[in-house]
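Okay, here's what each chain looks like letter by letter:
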Amino acid sequence: MNGNSEIISEIKAYYGEHRHTALVRSFGCQLNVSDGEKIKGLLSEMGFGFTEDENEADLIILNTCAVRESAEDRVFGIVGSMKKLKETKPSLIIGIAGCMTAQSHIAEKIKRSYPQVDIVLGTSAISGLPALLMDRLRGVRYGEDIAEYGDFSAAVPQIRESSFKASVPIMFGCNNFCTYCIVPYVRGRERSRRPEDIIAEVRELAAKGYKEIMLLGQNVNSYGSDLGGEMSFPQLLREINAIDGDFIVRFMSSHPKDASDELIDAIFECDKVAKHLHLPVQSGSSEVLRRMNRRYTAEKYLSIVDRIYERDPDFSLTTDIIVGFPDESDEDFQATIDLIKRVKYDNIYSFIYSKRSGTKAAEMPDGTSEEVKGQRMRELLEVQREISTEHYKRFIGRTMRVLADDVSKKKKGFLTGKSSEFIIVEFEGEPSLIGSFVDVEITGAMNWAVVGRRIES
Ligand code: 5AD
Ligand code: SF4
């Protein structure tokens, strides 16, 4: 199907009766996790079983993230520790995939300093994995396929991690070039998938009983801008909403500069679309936003929030914030604190700025010490904790429809799930409920979740 069938047969023949197993570890965002599921799909076609134990694996693939330096350091640490493993088991094949590989200085570093690595596979080269692997099995010492940015999605099979939650990439790459961000350099320009392919995939997932469909893209709001006006993101949401089945639709991420009234209308009008919007603000200071090349001001952002709250004052918003962007002043940081107090997010994902070589921000002077950045981060989290605790109280007394997704790690006999608003809900229940929707009457609020009582229907 993906032009690999001959090589796949060769790989199967190579391993013969030996039950060959692979370990695939994905880091970073959900798009990368989705790529990891495709890598697994291809490996499964090659006859691999899967293991979580690196001592057992014949093949280990680290599917990496490049958004922050800490993620890269972690991968180098893991690869370093695999040197010993490889010495004790020379037949072990180690591959590095994902966003790190697309940076030439990283690819060079791997080649130079980590001889235990056999294969390097770019984010758009996943379908090239069988060929690289076969070369390696034939004795070629090192294989690399960084490929041009393409759209491999349709042709590659996928092994999904969950039997009830599925992510569906709707586009690849990013055109925005926020000055701190490496993504446009490692994932290339925006490419939208064909609407009919996306719709067919969602239809199939719904028919299989999937309960949550997460549409993924670096900026889903610009979906279709390369399709000549054929379909916009709000239109796509409406088409997906019309598909038969009992499922909830989520999407990530939305760039505020492209968050249109049509999008807001679609969220409110489509019954399957979650009543939650993840709208990364990054900073509350218009000056910092300008230097970030975000192409909106704090005022413009707040006007979108106001439009949403006019429709529903209790609507759930979450965001991403970068603390300590180069030369962020005390006033800039205070503007971020003021903004989160004004918006009252249900949750924020905050990151200390990480310098990414090759980006514009990496060239900007930065006089703020790491200590000050750390203090700001602690303050931000503290303020948000208070906001969440207070804001979650609005759900007390209401009934939420919750997709039960796991047993609670904190309370015996309890399950956790997510409401349409993307709020974590804890309630008493049997594990057999995992993967289904339940109604929960909310009785209390904590700073990270709400608790409630299941209402039997
Ligand atoms: N440093 C810190 N955080 C970053 N992000 C992206 N690039 C960087 C960086 N260089 C954050 C942004 C983005 C989220 C996915 O990661 O907040 O929205
Ligand atoms: Fe990075 Fe900005 Fe694109 Fe998001 S929109 S992936 S932050 S460049």
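Residues numbered from 1 in each chain as written. Chains lettered and ligands numbered in written order. Predicted model: local features only at pLDDT ≥ 70, side-chain atom pairs only at ≥ 80, totals over all residues. Heavy atoms only, no water.

Caption draft 1: Summary view of the overall build of the protein chain. The helix and strand tally for the protein chain stands at 13 helices and 19 strands. Its C-alpha atoms give the protein chain a radius of gyration of 23 Å, within 12% of the compact-globule value 23 Å for 457 residues. With the C-alpha coordinates of the protein chain rotated into their principal frame, the extents come out at 65 × 60 × 50 Å. Considering the protein chain as a whole, with its 457 residues, one finds that 56% of them fall into the buried category. Taking the contacts inside the protein chain whose residues are at least 6 apart along the sequence as the reference set, 74% of them involve residues at least 24 apart. Approximately 19600 Å² of the protein chain is accessible, and the part contributed by carbon and sulfur atoms is 49%. (Helix = DSSP H or I, 4+ residues; strand = E, 2+ residues; numbered from the N terminus. Rg over C-alpha atoms; globule rule 2.2 N^0.38 Å. Buried < 20%, exposed > 50% of the residue type's maximum accessible area, 1.4 Å probe, protein only. Contact = heavy atoms within 4.5 Å. Areas by Shrake-Rupley, 256 points an atom, 1.4 Å probe, with all protein chains shown as cover.)

Caption draft 2: Focus on the pattern of salt bridges. Within the structure shown, the criterion is met by 36 salt bridges. Across the pair Arg160 and Glu37 runs a salt bridge, and its minimum N-O distance is 3.9 Å. One end of the pair, Arg160, is in the loop between strand E6 (143-145) and strand E7 (165-169); the other, Glu37, is in helix H2 (residues 30-45), and 123 residues separate them in sequence. Owing to a relative accessible area of 17%, Arg160 belongs among the buried residues under this scheme. A relative accessible area of 6% means that Glu37 is categorised as buried. Notably, a salt bridge pairs Arg138 with Asp135, separated by 3.4 Å at the nearest N-O pair. A relative accessible area of 51% means that Arg138 is categorised as exposed. Judged by relative accessible area, which is 32%, Asp135 ranks as partly exposed. Through salt bridges that share partners, Glu37, Arg160, Arg193 and Glu201 make up one connected network. (Salt bridge = Lys/Arg side-chain N within 4 Å of Asp/Glu carboxyl O.)

Caption draft 3: How the structure looks around the side chain of Thr21. Along the chain, the position of Thr21 falls in strand E1 (residues 21-26). Within the local environment of Thr21, its side chain forms a polar contact with the backbone oxygen of Glu56, the two atoms lying 3.2 Å apart. (Polar contact = N/O pair within 3.5 Å; in protein donor to acceptor, adjacent residues only side chain to side chain.)

Caption draft 4: Seen up close, the site of ligand 2. Taken together, Cys174, Asn176, Phe177, Cys178, Tyr180, Cys181, Val183, Pro184, Gln218, His255 and Arg294 make up the full set of residues adjacent to ligand 2. Its residues assigned to classes, the shell around ligand 2 shows seven nonpolar, three polar and one charged. (Near = heavy atom within 4 Å. Nonpolar A, V, L, I, M, F, W, Y, C, P; charged D, E, K, R; others polar.)

Caption draft 5: Broad picture of the site of ligand 1. Within the structure, ligand 1 sits among Val67, Arg68, Tyr180, Gln282, Asp320, Ile322, Phe351, Ile352, Tyr353, Ser354 and Arg356. One nitrogen or oxygen atom from the main chain of Tyr180 is found 3.0 Å from a nitrogen atom belonging to ligand 1. A distance of 2.8 Å separates a nitrogen atom of ligand 1 from a polar backbone atom of Ser354. Among the secondary structure elements, those contributing two or more residues to the shell around ligand 1 are strand E13 (316-323) and strand E14 (347-352). For the shell around ligand 1, the residue count by class is six nonpolar, two polar and three charged.

Caption draft 6: Structural detail: the nonpolar core. Membership of the largest hydrophobic core comes to 69 residues, with the highest contact counts inside it found for Leu215, Phe233 and Phe251. Take this core: its biggest share by element is seven residues, from helix H11 (residues 298-311). Residues from two domains meet in this core; each of domain 2 (162-274) and domain 3 (285-394) gives at least three. Ignoring sequence-local partners within four residues, the contact set of Phe251 consists of Met214, Leu215, Val220, Phe233, Leu237, Leu263, Ile267, Val273 and Leu277. Residues Phe27, Ala57, Cys99 and Ile106 belong to the second largest nonpolar core, which totals 27 residues. (Core = buried A, V, L, I, M, F, W, Y, C linked by side-chain atoms within 4.5 Å. Domains from an automatic or database assignment.)

Caption draft 7: Examining the packing of helix H1 (residues 5-15) against helix H5 (residues 129-137) more closely. In the contact formed by H1 and H5, the axes pass within 9 Å of each other and the chain directions differ by 40°. The angle between the axes of H1 and H5 places the two elements in the oblique class. Remark: the crossing between H1 and H5 carries left-handed chirality. Listed contacts from H5 to Ile7, Ile8, Glu10, Ile11, Tyr14 and Tyr15 of H1 are Pro130, Ala131, Leu133, Met134 and Leu137. (Axes fitted to C-alpha atoms, helices over the stretch in contact; angles between N-to-C directions. Parallel < 35°, antiparallel > 145°, perpendicular 65-115°, else oblique. Left-handed = near helix turned anticlockwise from the far one by under 90°.)

By themselves, these observations are geometric and do not establish any function.
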